[in-house]
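Chain by chain, the residues:
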There are 4 protein chains.
Amino acid sequence: MNLEPPMIALNMKAYRESSGENGLKLAKICEEVFEENGVCMVICPQQTDLSLVCRKVSMPCFSQHVDPIDVGSYTGWVSAEAIKNSGAEGSLINHSEHRIRISEIDILIDKLRSFGLSSMVCTNNEAVSKAVAELKPDAIAIEPPKLIGSGISVSTAEPEIVSDTVDAVRRIDKGIKVLCGAGISNGKDVRSAIELGADGVLLASGVVKAKDPKEVLLDLISGI
Amino acid sequence: MNLEPPMIALNMKAYRESSGENGLKLAKICEEVFEENGVCMVICPQQTDLSLVCRKVSMPCFSQHVDPIDVGSYTGWVSAEAIKNSGAEGSLINHSEHRIRISEIDILIDKLRSFGLSSMVCTNNEAVSKAVAELKPDAIAIEPPKLIGSGISVSTAEPEIVSDTVDAVRRIDKGIKVLCGAGISNGKDVRSAIELGADGVLLASGVVKAKDPKEVLLDLISGI
Amino acid sequence: MNLEPPMIALNMKAYRESSGENGLKLAKICEEVFEENGVCMVICPQQTDLSLVCRKVSMPCFSQHVDPIDVGSYTGWVSAEAIKNSGAEGSLINHSEHRIRISEIDILIDKLRSFGLSSMVCTNNEAVSKAVAELKPDAIAIEPPKLIGSGISVSTAEPEIVSDTVDAVRRIDKGIKVLCGAGISNGKDVRSAIELGADGVLLASGVVKAKDPKEVLLDLISGI
Amino acid sequence: MNLEPPMIALNMKAYRESSGENGLKLAKICEEVFEENGVCMVICPQQTDLSLVCRKVSMPCFSQHVDPIDVGSYTGWVSAEAIKNSGAEGSLINHSEHRIRISEIDILIDKLRSFGLSSMVCTNNEAVSKAVAELKPDAIAIEPPKLIGSGISVSTAEPEIVSDTVDAVRRIDKGIKVLCGAGISNGKDVRSAIELGADGVLLASGVVKAKDPKEVLLDLISGI
């Protein structure tokens, strides 16, 4: 896929509201918003729904995770090749809820790329973002721990962590996209993130658990 | 599902031959054999294909793995509820390629059951099979390490490990099914396993990587 | 060692109060109580202090953990043989803060025994205790999650979990000692645990973080 | 400690030859060589022997591993503070036999530093070395997988991986020491590594399992 900024990525996580039929309905809503607004969006369905959702919606999907395995005798693990075959266009790596080893991040970025898949690596601070930038992923999503699930806006709490990280990553490799992965609740926050230099945002519960996800998505997009 | 013995379970693992379109084609072949022969069969598609395959075939499907999580903020993990919503009827637990903690096995058996899902716990010897039997799963699949991928038939190599384990598990709980999870290549091996007291077999590469999986399945079924 | 009931086991964990010189001082206090009172006691020093403490005190020491490895190329892991060579007499296994896989528990009990070392496996409920009993450890320490660090006495909160577990384990193997690993603060609790059928208690912060550990130990011993 | 190049670091791993009394004897031999030759050396005893060895020898000792925990309720884990209290001067981190998460490497480098302890982070290639360099450890030990335990000399097999990594790390931070952690068997290899720009070498079995470790150490030192 083309991770064309400004972009909105939605991590559906393992919520009840994003599982099975609920997940398919949510993906359809995202597809509507995507098609009606021409904004760059990517959704990350639940692992068990990946192939199904990729077939049912016409928009970019990512896996939430990829395991450091090749194809072969691996029971219950997800290979980059399986992600390719599901119809997805990339994968999150190293999410704060699914951290992996540094040597595995290195291997997985290359492996995804070899299948034409994009990598979006999650990080927790500027130092780790710089470290990951040296591994040349397609995108980095920074999630400052203090902002995760806090309801606090990134622009009021720690604006400099976004702008400093963007600058630091750019100095290492201008081609890496940087997303803001926490502290985003509405269109105003999206605009703040973009003004701080981010190429987009990575969201989860604010959309998935919303009464009216479409309304929330439209508000978020208004910030672009 | 009803794990009605004698049964044949197929773990599709993360092979290239069972991924995406290949996996769907293989599932369709299993469905044909299942419908034409009236034998109890269950297939375990790749994690990313689970919802898709469950919708496309009319036969029992299991997840290859379930993570010890509830629904919620868990990125890239698979909950029992997601398995239920995929349309699957149960899950493998603690496969030799995906071992988990004993307290997690205990929790997952209960959690699957609370969703009306079956649990098939993999074990490696008689002692561990007895330990798992105390946790009351629906089924235990014993995979003696020496037989995994060895091409050696269970009936020639270690027949007593199957019969002893069956007896030991029955003494703890008569209701638990016991499957033989290694050393099975053909119908003759299936017959041996059943004569040794097993309620069925758990297979993988012998079917998945076969030139003609249907032929192999039909041969296996002939042993029942 | 002889795990002769009634016994008191002290897990020193990774507290500041049990590290380095503090740990050595605490071990000396335990040795005093042990020698003056003739009660069966065992202490579990911090991993890095194990060989040192074993040389400095004349009483049974256990490792807090043992990794499922042989001797060999394993960096930063602890083998059963290293525990033997440290002078310790056994090891905790599967503590709630260090859970391991069921097949590993099976292997480690045998491996410790092959070096003449005792195994004390931690469990969280009756079902898991029965499962572990099938693996024939020397001792099981049950730690009901609700009681861990709660300050609630086992005798008031969940007396039946102790008595039921003792009964269930005895039915599987009379030789396995059962310790109560939570809900013990004073001599009265120790007495309750023993009256409920336990062979002893497993303690941690109540002693390690006490202003006067000797006083606390003497109170605990008074319950025997 | 002062990681003053050129230096020789010895990882004692979990070998029989480096456990308990054997480990203490080996540490004494290293101490002799260290004192007689004035070369910068550091040894990494087995985890259970750390406090004992630190008290018995007068030379720098490192832990083989440190867990990402604070002091507290952590059973069988090793904190940075426990390493400090053992008398050691630093720790290996992320050895190929004990890989950890990237966010944990970041935390542990800072935590060790806060106790005045040095960090030596192991890496497997140039990209990962650069990533780790962004986290500002005191030293990086590169272990190309192809050379680990191969008996092949780094100078004949992959000299450029050492020189390229040294250059890349220096461009990020001149203060970080770079050690060559594989492909070193004798004094000639040590000299090659230093000529390729390395600040030292990290050794294991070649010394630990030698019939005459002192002789091997003296030969290695001759390369400095």
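Description of the structure in this document. Going along each chain's sequence as written, the residues are numbered from 1 onward. For this description, chains carry letters from A and ligands carry numbers from 1, given in the order in which they are written. With pLDDT at 70 or above as the cut-off, local features in this predicted model cover only qualifying residues; side-chain atom pairs require 80 or more to be listed or tallied, and sums for whole chains, interfaces and linings still use all residues.

**Side note on helix α10 (residues 213-221) of chain B**
For the exposure call, what matters is how many other C-beta atoms sit within 10 Å of a residue's own: 20 or more marks it buried, 12 or fewer exposed, and in between partly exposed, using C-beta atoms placed from the backbone. Numbering of helices and strands runs from the N terminus, with a helix taken as a DSSP run of H or I at least four residues long and a strand as a DSSP run of E at least two residues long. Inspection of α10(B) places B:Pro213, B:Val216, B:Leu217 and B:Leu220 among the buried residues, and these make up the whole buried set. Seen end-on, α10(B) carries its buried residues on one side only, within an arc spanning 100°. Throughout, the arc means the angular range of directions from the helix axis out to the C-beta atoms.

**Focus on the interface of chain D and chain C**
With 39 residues of chain D at the contact, the number on the chain C side is 39 residues. Listed by contribution, the elements that provide at least two residues to the side of chain D that touches chain C are α2 (50-56) and α3 (80-86) of chain D. Of the residues forming the side of chain D that touches chain C, the biggest block, five residues, is contributed by α3(D). Only Asp, Glu, Lys and Arg are considered charged in this grouping, and only Ala, Val, Leu, Ile, Met, Phe, Trp, Tyr, Cys and Pro are considered nonpolar; every other residue, Gly among them, is considered polar. The residue makeup of the side of chain D that touches chain C, split by class, is 12 nonpolar, 20 polar and seven charged. By definition, residue pairs are in contact when their C-beta atoms, positioned from the backbone, come within 7 Å.

**Comments concerning the relation of the copies chain A and chain B**
For the least-squares superposition of copies, only C-alpha atoms count, and only for residues with pLDDT at least 70 in both. When chain A is fitted to chain B, the residual RMSD is 0.0 Å, and the transformation amounts to a turn of 180° plus an axial shift of 0.0 Å. What the superposition gives is, in effect, a two-fold axis relating one chain to the other.

**Some thoughts on the interface of chain A and chain B**
At the junction of the two partners, chain A supplies 39 residues and chain B supplies 39 residues. Put simply, the parts of the chain that give the side of chain A that touches chain B at least two residues each are α2 (50-56) and α3 (80-86) of chain A. The dominant element in the side of chain A that touches chain B, judged by the number of residues it contributes, is α3(A), at five residues. Among the residues making up the side of chain A that touches chain B, the classes are represented as 12 nonpolar, 20 polar and seven charged.

**Considerations on the sheet that holds strand β1 (residues 7-11) of chain B**
All names here are of chain B. The pairing criterion is simple: DSSP has to find at least two bridges between the two strands. The parallel open sheet is built from eight strands, whose spatial order is β2-β1-β8-β7-β6-β5-β4-β3. Of all strands in the sheet, those bounded by a partner on one side alone are β2 (40-44) and β3 (62-63). Bridge count for strand β7 (residues 177-180) against strand β8 (residues 200-203) is two bridges, and the pairing is parallel. Paired with Cys 180 across the bridge in β8 is Val 201. As a rule, the C-alpha atoms of each element are fitted with a line to give its axis, helices using only the stretch in contact, and angles between N-to-C directions run from 0 to 180 degrees. Along the sheet, helix α4 (residues 102-114) makes contact with β4 (90-93) and β5 (118-123), crossing β5 at roughly 155°.

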